[in-house]
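Analysis of the macromolecular model
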Amino acid sequence: MRALPRLLAALIVAVPLATVTAVANAADDPTPVTVLTKDFEDGTVQGFAGRSAETLAHSTAQAHGGTGSLLTSGRTATWQGPSLDVLPTFTKGTAYTVSVWVRLSTGSDNARLSVERRTGGVAAYDQVVGNTAVSSTGWTQLTGRYTLATDVEFLRLYVETASTTNPIHIDDVTASYVPALPIQTDIPSVKDVITEFPVGAAITGAEILAEHGQLLTKHFDSVTPGNALKWDATEPAENTFTYAQADPLMAYAKSKGLAVRGHTLVWHNQTPAWVFTGADGQPMTATAEDKALLLARLENHIRNVAAHYGTDITVWDVVNEVIDESQSDGLRRSNWFTVAGLDYIRTAFRVAREVAPHAKLFINDYNTNVAAKRDFLFGLVQQLKAEGVPIDGVGHQVHINVNWPTVAETKAMIDKFVPLGIDQQVTEMDVSIYTANSENFPAPPADRLLKQAYVYRDMFALFRQYPGEITSVTLWGLADDNTWLDTFPVTRKDAPLLFDTRLQAKSAYWGVVDPSKIETTSSPSPSNPTTGACAVTYRVTGSWTGGFQGEVTVTNSGGTALTSWNAAWQFTGGQRITQLWGGTLTQSGAAVTVGNASWNGSLAAGASASFGFLANWTGSNPVPAAFSLNGTACTVR
Ligand code: 9MR
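These remarks concern the structure in this document. (Residues numbered from 1 in each chain as written. Predicted model: local features only at pLDDT ≥ 70, side-chain atom pairs only at ≥ 80, totals over all residues. Heavy atoms only, no water.)

What about the overall build of the chain?
- Of regular secondary structure, the chain possesses 14 helices and 29 strands.
- Counting only C-alpha atoms and orienting by the principal axes, one finds that the chain spans roughly 80 × 70 × 45 Å.
- Evaluated residue by residue, the chain yields a buried proportion of 51% over its 637 residues.
- The long-range fraction of contacts in the chain, counting pairs at least 24 apart against all pairs at least 6 apart in sequence, stands at 75%.
- With an accessible surface of roughly 25200 Å², the chain has 54% of that area assigned to carbon and sulfur atoms.
- Averaging the locations of the 44 positively and 58 negatively charged side chains of the chain gives two centres separated by 3 Å. (Helix = DSSP H or I, 4+ residues; strand = E, 2+ residues; numbered from the N terminus. Buried < 20%, exposed > 50% of the residue type's maximum accessible area, 1.4 Å probe, protein only. Contact = heavy atoms within 4.5 Å. Areas by Shrake-Rupley, 256 points an atom, 1.4 Å probe, with all protein chains shown as cover. Lys, Arg positive; Asp, Glu negative; His and termini not counted. Charge placed at Lys NZ, Arg CZ, Asp CG, Glu CD.)

Observations concerning the environment of Cys 534
- Summarising the element assignment, Cys 534 is placed in strand β20 (residues 534-544).
- According to the relative accessible area criterion, Cys 534 is buried, its value standing at 2%.
- Through-space distance from the C-alpha of Cys 534 to that of Thr 271 is 61 Å; in sequence the pair is 263 residues apart.
- Excluding residues within four positions of it along the chain, Cys 534 makes contact with Thr 555, Ser 557, Leu 629, Thr 632, Ala 633, Cys 634 and Thr 635.

Some thoughts on the state of the cysteines
- For the structure on display, the rule yields 1 disulfide.
- One disulfide bridge connects Cys 534 with Cys 634, the sulfur atoms lying 2.0 Å from each other. Negative torsions about the S-S bond denote left-handed disulfides, and the value of about -95 degrees found for Cys 534 with Cys 634 makes this one left-handed. Of the two residues, Cys 534 sits in strand β20 while Cys 634 sits in the loop between β28 (632-633) and β29 (635-636), which places them 100 residues apart along the sequence. When sorted by exposure, Cys 534 lands in the same class as Cys 634, which is buried. (Disulfide = S-S within 2.5 Å.)

Section: the site of the ligand
- What surrounds the ligand is the set Asn 227, Lys 230, His 263, Trp 267, Gln 270, Asn 320, Glu 321, Gln 397, His 399, Glu 428, Trp 476 and Trp 484.
- Between the ligand and Glu 321 there is a distance of 2.9 Å, counted from a nitrogen atom to a side-chain nitrogen or oxygen.
- Taking 450 Å² as the accessible area of the ligand by itself, protein coverage stands at 73%.
- Tallied by class, residues from the shell around the ligand come to 3 nonpolar, 6 polar and 3 charged. (Near = heavy atom within 4 Å. Polar contact = N/O pair within 3.5 Å; in protein donor to acceptor, adjacent residues only side chain to side chain. Nonpolar A, V, L, I, M, F, W, Y, C, P; charged D, E, K, R; others polar.)

Considerations on the packing of aromatic side chains
- A complete count under the given rule lists 28 aromatic pairs for this structure.
- Ring geometry for Phe 548 versus Phe 613: centroids 5.7 Å apart, planes at 90 degrees, classification edge-to-face. Here Phe 548 is found in strand β21 (residues 547-556), whereas its partner Phe 613 is found in strand β26 (residues 608-616), with 65 residues between them in sequence.
- An angle of 20 degrees between the planes, with centres 5.9 Å apart, marks the rings of Trp 565 and Phe 611 as stacked. In this pair, Trp 565 sits in the loop between β21 and β22 (566-570) while Phe 611 sits in strand β26, placing the two residues 46 residues apart along the sequence.
- In this structure Trp 565 comes out as buried when scored by relative accessible area, which is 0%.
- The exposure class assigned to Phe 611 is buried, which follows from its relative accessible area of 2%.
- Joined through ring pairs, the aromatic side chains of Tyr 538, Phe 548, Trp 565, Trp 569, Phe 571, Phe 611, Phe 613 and Phe 627 make up one cluster.
- Above the face of the Phe 154 ring, Arg 118 is positioned so that its terminal group lies 3.7 Å from the ring centre.
- Directly above the ring of Phe 378 sits Lys 416, whose terminal nitrogen or CZ lies 4.6 Å from the centroid. (Phe/Tyr/Trp six-rings, centres within 6.5 Å; stacked < 30°, edge-to-face > 60°. Lys NZ or Arg CZ within 6 Å of the ring centre and 35° of its normal.)

Below is the structure:
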């Protein structure tokens, strides 16, 4: 059965690379389209209103840009603040970058930017930017991304605070989006190339829409709802079960023939506080009474959630992250464990098997490549299986980075569990481009993307050596535009997946699909001859508060043709490039280096190449004084 798909895969992989890169670059105009601008320069509140009985007024006491801002006073609760109807402005499935400048009239606090949406009269609240320190001494920008995933009849953007009700100034509110690129349809589908096991992606609400849905169904065999099946989403109040988040994902998966990994029935995170509150209203402790109540709640939860989806969910992460290798017995001191000991795990598997006898039942954890953690997990699974607890498999999350762990450690992780004769699945794989919390790249550096491609190549090659043991591999996200690593362990843009923020295949994708293409999809190219002479034109083609667009033309005015080039300059005003086209970007502090793109590296004597970019600035935006091309100083025109 396997030989044929492999042969087909080999044929499909033989697509010439030129076609591939051409598609990625053709329609690539990343100029954002601005759909909302509120500058409060016309003396009005520009359509803003309160969320309750607050007073909104135009103000000239403070202004971020120009002379006016919007002041919201008379707040009697922290959730009250300026709000704007964005129902006519936001379209379902489009990812908006939203920005609001905030300043308090007195004191300091944390502010949040959120969206309230209502469907059928039921309200839900989406956080766009979490708690951010704000004060009366300066302006703070709250900026984040928001994608509406559902049909709504009410949609309002609002600012609130965490603890005080001091008046709030806001100014320069904007929302913009970068038009979606079509997905590449002429590259091999990951699922056709990897035939040893199904390959999946974790998804959130909006990832079944438009281009995201197309990317998902082109490349993947299965999905894991990233948050929609967790306890806080499915049973927010005792015995009140809601499937509003998961049902649309499940229906989509079913209609497209995607398998579903159920994640997760029991976890210490994203579990509402009521679960661990005793009948007396106090936090549960290790009493017989509390334990009985907790296990009854657990049983009721699993009976309802697992039964709701029946045979549509073929694999469940029954318990998640129960190991803590810093404990002498290796068991996480969660509320579950403190109140119920190991019985919570025993109960969870027993009930899950009863309600979902068709499903494979998994124990899932991260850092299972760390020897101490791996060995504790092994010991626990061995013990529970000996007791007859129905564990079918171990889930390795595989949240790793470009430097860690080694393939050998990962191999040891898999080998360890082979003697148990159980399934193993890679459940949440991603490969961060960061190797330290202190790093923060404005754009993924080429060398990190290359390393990442090798990691994906090597890890998939390893997994494919275990077709009998590894029964699926799931990536924790679809593309770099939506990854949990953007806010963990610190807030910064990460790029840990196979497709970039515009859903185009990265070198990481080629690492999985056809490693021979990695080098050719990564630039700048290694050969980098110096040039005799050069000229540079630098133009700011558009500028707005906090941002600008630039265009650079480099000319080879030496006598020798170049096969690749590298332009470099310093941004002395703290400007940061956020997107670049027509080249490959590395920015480290003030130092910017742009290498050629795959199609414009050849520069005959006298020939020019251009690239463009979007950047952020604050304070001032000085034009760089000097440029070099392949290390040679250039004339600035
Ligand atoms: O991807 C999930 C993210 O959106 C949530 O904010 C986060 C918080 O609990 O959980 C993420 O998923 C986690 C998964 O459920 C279990 N392993 C670690 C994942 C990343 O935190």
